[in-house]
Amino acid sequence: MEEQFGGSDERWKGSLENITEMASNLDSLQKLLLKKAVFVEEDTFSRASLVSEQARTIKVLEQRVQTLERELDAAITAAAHARSEKRQAESSQKAAESRAQDVTKELENTTKVFKLHMEELRGMQEQISKRDNEIKLLEAIIQTLGGKERLGKSDVNG
């Protein structure tokens, strides 16, 4: 138990030494302030305090203005970037629309050519069918004539 009290005595001694040193430092500071201190009237002090407060407010406002200027610059840059992207997108869209029109015209022209070829093929098919019918008619006539000729030769031979 004595060890506990002995340890606490040392701590108290250390604390008292610290307090004594702080008192000495405080006295020195007070003497320094008395030598260099300027005493002013309360009205002058309140005006100086107001000016000091206004200076702090101005500094805070200047910092806020700088922050807002940086944000504005960033917003302007972002808007310019967005406008550039919009112009690129519009240009790409116009190019795609132009290509779609070209492809549509090409398809329409191909369709017209295809229709003309189909009409040509139908005409040729009609001609082929007509000639085929003519050939069949001629073959029938030839067979008919050939049959009569055989009959006539049979009569003569007989």
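Calculation criteria
- Residues numbered from 1 in each chain as written.
- Predicted model: local features only at pLDDT ≥ 70, side-chain atom pairs only at ≥ 80, totals over all residues.
- Heavy atoms only, no water.
- Helix = DSSP H or I, 4+ residues; strand = E, 2+ residues; numbered from the N terminus.
- Buried < 20%, exposed > 50% of the residue type's maximum accessible area, 1.4 Å probe, protein only.
- Areas by Shrake-Rupley, 256 points an atom, 1.4 Å probe, with all protein chains shown as cover.
- Patch = residues over 30% accessible without salt bridge, like charges linked within 9 Å, V, L, I, M, F, W, Y side chains within 5 Å.
- Salt bridge = Lys/Arg side-chain N within 4 Å of Asp/Glu carboxyl O.

On to the overall build of the protein. The helix and strand inventory of the protein stands at 2 helices and 0 strands. Classification of the 158 residues of the protein by burial places 0% in the buried group. As displayed, the protein has an accessible area near 15200 Å², and 58% of this comes from carbon and sulfur atoms.

Before going further, it helps to spend a moment on a nonpolar patch on the surface. Taken together, Leu137, Leu138, Ile141, Ile142 and Leu145 make up a surface patch of nonpolar side chains, about 510 Å² in accessible area. The exposure class assigned to isoleucine 142 is exposed, which follows from its relative accessible area of 58%.

Applying the stated criterion across every chain, the model contains 4 salt bridges. Note that arginine 47 is salt-bridged to aspartate 43, the shortest N-O span being 2.5 Å. Of this pair, arginine 47 and aspartate 43 both sit in helix H2 (residues 42-157), 4 residues apart, roughly one helical turn. Judged by its relative accessible area of 43%, aspartate 43 falls in the partly exposed class. A salt bridge links glutamate 53 to arginine 56, with the nearest nitrogen and oxygen atoms 2.7 Å apart. Here arginine 56 and glutamate 53 lie together in helix H2, a separation of 3 residues that amounts to about one turn. Of the residues examined, glutamate 53 reaches a relative accessible area of 40% and is grouped as partly exposed.

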